[in-house]
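Reading the structure
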Amino acid sequence: MAAVSTVLAVCFFGGVNSQSPVQVKSLVDNLLSNYDKRIRPVEDQALSVTLDVSFSLISIIGVDEVNEKLETSGYLTILWNDSLLRWDPASNNGISTIFLPQNDIWKPDIVLGNGIRKFEELGGSFYNVEVDNFGFVLWKPFQVFETQCSIDTTYFPYDREVCEIVFVVWSYTIAEVEISRSANGINLNEYTESGVWEITRTDVKVSKEAFESKVTFSIYIKRKPFYYVFNIIIPILFLGMLTILVFALPVEAGEKMSYAMTVFLSFAVFLTIINTLLPVSSETTPVLSIYLLMQMTMSILVLFITALQIRLHHRDTSVPISKPFRFMVRLMHYFRCRKSCKISPAKNKDSEERDNFDSVGGTSQEEEIRPEWKDVTSAIDFLAFWSFFLLYLSLTVYLFATIIRGS
């Protein structure tokens, strides 16, 4: 069977070229015998070494909003021509490609320009570079990159960020080593999808500023809001509704104040949770934080109104009711009567006759309606419930309208 496979290979490919380790070693020795990795690999030292730099992104490990840091894993694809590493394959038993340790030959000193850690050499002593017979060298150093990334959390958790990964030729000037292009830009063929961030698009820019050459890889990402909506936004909306329901509890229940205090403390806990997720910066303030702060302000007002209600409810009946409180009671009766009072013509006629009787010798209607302090607390509940409900709706609509418009 092995003999048949060999015959078929010879028939289809016309023959088999094999190189022994001795032949490869002889070629490597010849190439490196007079090679000095301290010298730029160009025959005319007045010319620059041109680089083609691309970036293959493997994964987004995480985005640290507090420290404004992007952590990614990937590798660079760096291609250049080394004129000192050329040979004729016909004179070397058909050898067209060899692999050499990266520290055995000259390589550009490219570093991470916007990194957070100290400058480190790309790759490692165990990395190999691929060299072909035309002198083209292919280097693929893999690394975990920690780069600075300015985070704008105004529309959190529907925010979109632009993070850059910058690589700079550190020692050499443009006249000596130049990043001329990035043929493939950011390659996402090996990318593993992140559970928190989605890449919307990528961009690459090769620039020459002052005497240095650099390439900037831009990654446009947007946050996946599902987790934050179900664990932060929806509970906050429910807490806002619970705040309003304080005014649905009668003062006689005895739990009105403790209920309002519990809701207020819940808002304080959620504000603490959100602050741990956001960067420590005064430049941008999340709309969600403003919304939560307004909800806490509403909770404080509810606590104040509830304490006032309890005090008024237990006030002695001999204390006269002031005009503002009487007006609140009449206003409550007015709004309730608009929905529930359906006066027939006959009843309306009887009411007019009764009003005439009262005007002649009877008592006035205001004297018949003598509100008590419990009526005042009931009026406060009614008016505060609808006032805070309308305020809650306005704040919520503002929140989502702002987020949708910004994202």
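The structure reproduced in this document is the subject of the present report. All figures in this text were calculated on a predicted structure; none of them were measured in a lab.

**Regarding the pattern of salt bridges**
Per the stated rule, a full pass over the model turns up nine salt bridges. A salt bridge links D29 to K25; the nearest nitrogen and oxygen atoms lie 2.9 Å apart. One end of the pair is D29 and the other is K25, both in helix α2 (residues 21–32) and four residues apart, which spans about a single turn. A relative accessible area of 39% means that D29 is categorised as partly exposed. Where E121 meets K107, a salt bridge forms, and the shortest distance between an N and an O atom there is 3.0 Å. A residue pair is termed long-range when its members are at least 10 positions apart, and E121 in the loop between β4 (110–112) and β5 (128–132) and K107 in the loop between β3 (97–101) and β4 qualify at 14 residues. Taking relative accessible area as the criterion, K107 reaches 18% and is therefore assigned buried. One connected set of salt bridges, linked through shared partners, spans E65, D159 and R223.

**Remarks on helix α4 (residues 256–277)**
Think of an α-helix as 3.6 residues a turn; residues three or four steps apart then line up on the same face. Between its first and last C-alpha atoms α4 spans 33 Å; for 22 residues at 1.5 Å apiece the expected length is 32 Å, and the two agree. Within α4, burial applies to K256, A260, V263, F264, F267, F270, L271 and I274. For α4, the angular spread of buried residues about the axis comes to 120 degrees, placing them on one side.

**Observations concerning the sheet that holds β4**
As summarised here, the arrangement of the four strands in space is β4-β8-β12-β11, forming an open sheet in which the pairing is antiparallel. Edge positions in the sheet fall to β4 and β11 (197–209), since each of these pairs with one other strand and no more. Across the sheet, the mean angle separating the axes of adjacent strands is 20 degrees when strand polarity is ignored. Here β11 runs beside strand β12 (residues 212–223); their pairing, made up of twelve bridges, is antiparallel. Among the inter-strand pairings, V204 is bridged to a residue of β12, identified as F217.

**Side note on the nonpolar core**
Counting residues in each nonpolar core, the largest one holds 47 residues, and the members touching the most others are L51, V53, I98, F167 and F217. Counting residues per element, this core draws most heavily on strand β1 (residues 49–64), which supplies seven residues.

**Comments concerning the packing of aromatic side chains**
Applying the stated criterion to the full structure yields 16 aromatic pairs. With centroids separated by 5.6 Å and ring planes inclined at 40 degrees, the aromatic side chains of F55 and F217 adopt a geometry described as tilted. Here the residue F55 occupies a position in strand β1, and F217 occupies one in strand β12, the gap between them amounting to 162 residues. Aromatic side chains F385 and W386 sit 5.3 Å apart centroid to centroid with 90 degrees between the ring planes, which places their arrangement in the edge-to-face category. Relative accessible area serves as the criterion here: at 40%, W386 is assigned to the partly exposed category.

**Some thoughts on the environment of N34**
For N34, the position within the fold is in the loop between α2 and β1. For N34 and L84, which are 50 residues apart along the polypeptide, the C-alpha to C-alpha distance reads 9.3 Å.

**Remarks on the side chain of Q102**
Relative to the helices and strands, Q102 is located in the loop between β3 and β4. Among the residues examined, Q102 registers a relative accessible area of 0% and is labelled buried. A distance of 2.8 Å separates a polar atom in the side chain of Q102 from a polar atom in the side chain of W139. Sequence-distant contacts of Q102, defined by excluding residues within four places in its chain, comprise K107, E121, L122, G123, G124, Y127, N128, V129 and W139.

**Looking at the state of the cysteines**
Think of a disulfide as a covalent bridge from one cysteine sulfur atom to another cysteine sulfur atom. What the rule picks out here adds up to one disulfide. A disulfide bridge connects C149 with C163, and the sulfur atoms are separated by 1.9 Å. Since a negative S-S torsion denotes a left-handed disulfide, the C149-C163 link at about -70 degrees is left-handed. One end of the pair, C149, is in the loop between β7 (142–148) and β8 (160–169); the other, C163, is in strand β8, and 14 residues separate them in sequence.

**Notes on the packing of helix α3 (residues 226–244) against α4**
Relative to each other, α3 and α4 sit at 155 degrees, their axes nearing to 10 Å. One element, α3, and the other, α4, form an angle in the roughly antiparallel class. Here α3 and α4 pass one another in a crossing that is left-handed. From α3, Y228, N231, I232, P235, I236, L239, G240, L242 and T243 reach across to α4, where they touch Y259, V263, S266, F267, F270, I274 and L277.

**Structural notes on the packing of α3 against helix α5 (residues 287–313)**
Any two packed helices are characterised by how steeply their axes cross, that is the angle between the axes, and by the distance between the axes. Contact geometry of α3 with α5 gives a least axis separation of 10 Å together with a crossing angle of 20 degrees. Taken as axis vectors, α3 and α5 run roughly parallel relative to one another. The chirality of how α3 crosses α5 is left-handed. Counted together, I232, I233, I236, L237, G240 and T243 of α3 and L288, Y291, L292, Q295, S299 and V302 of α5 form the full contact between these two elements. Taken together, the residues of the contact of α3 with α5 sort by class into eight nonpolar, four polar and no charged.

Procedures and definitions
- Residues numbered from 1 in each chain as written.
- Predicted model: local features only at pLDDT ≥ 70, side-chain atom pairs only at ≥ 80, totals over all residues.
- Heavy atoms only, no water.
- Salt bridge = Lys/Arg side-chain N within 4 Å of Asp/Glu carboxyl O.
- Helix = DSSP H or I, 4+ residues; strand = E, 2+ residues; numbered from the N terminus.
- Buried < 20%, exposed > 50% of the residue type's maximum accessible area, 1.4 Å probe, protein only.
- Expected span 1.5 Å × (residues − 1).
- Arc of directions from axis to C-beta.
- Pairing = 2+ DSSP bridges.
- Axes fitted to C-alpha atoms, helices over the stretch in contact; angles between N-to-C directions.
- Core = buried A, V, L, I, M, F, W, Y, C linked by side-chain atoms within 4.5 Å.
- Phe/Tyr/Trp six-rings, centres within 6.5 Å; stacked < 30°, edge-to-face > 60°.
- Polar contact = N/O pair within 3.5 Å; in protein donor to acceptor, adjacent residues only side chain to side chain.
- Contact = heavy atoms within 4.5 Å.
- Disulfide = S-S within 2.5 Å.
- Parallel < 35°, antiparallel > 145°, perpendicular 65-115°, else oblique.
- Left-handed = near helix turned anticlockwise from the far one by under 90°.
- Nonpolar A, V, L, I, M, F, W, Y, C, P; charged D, E, K, R; others polar.

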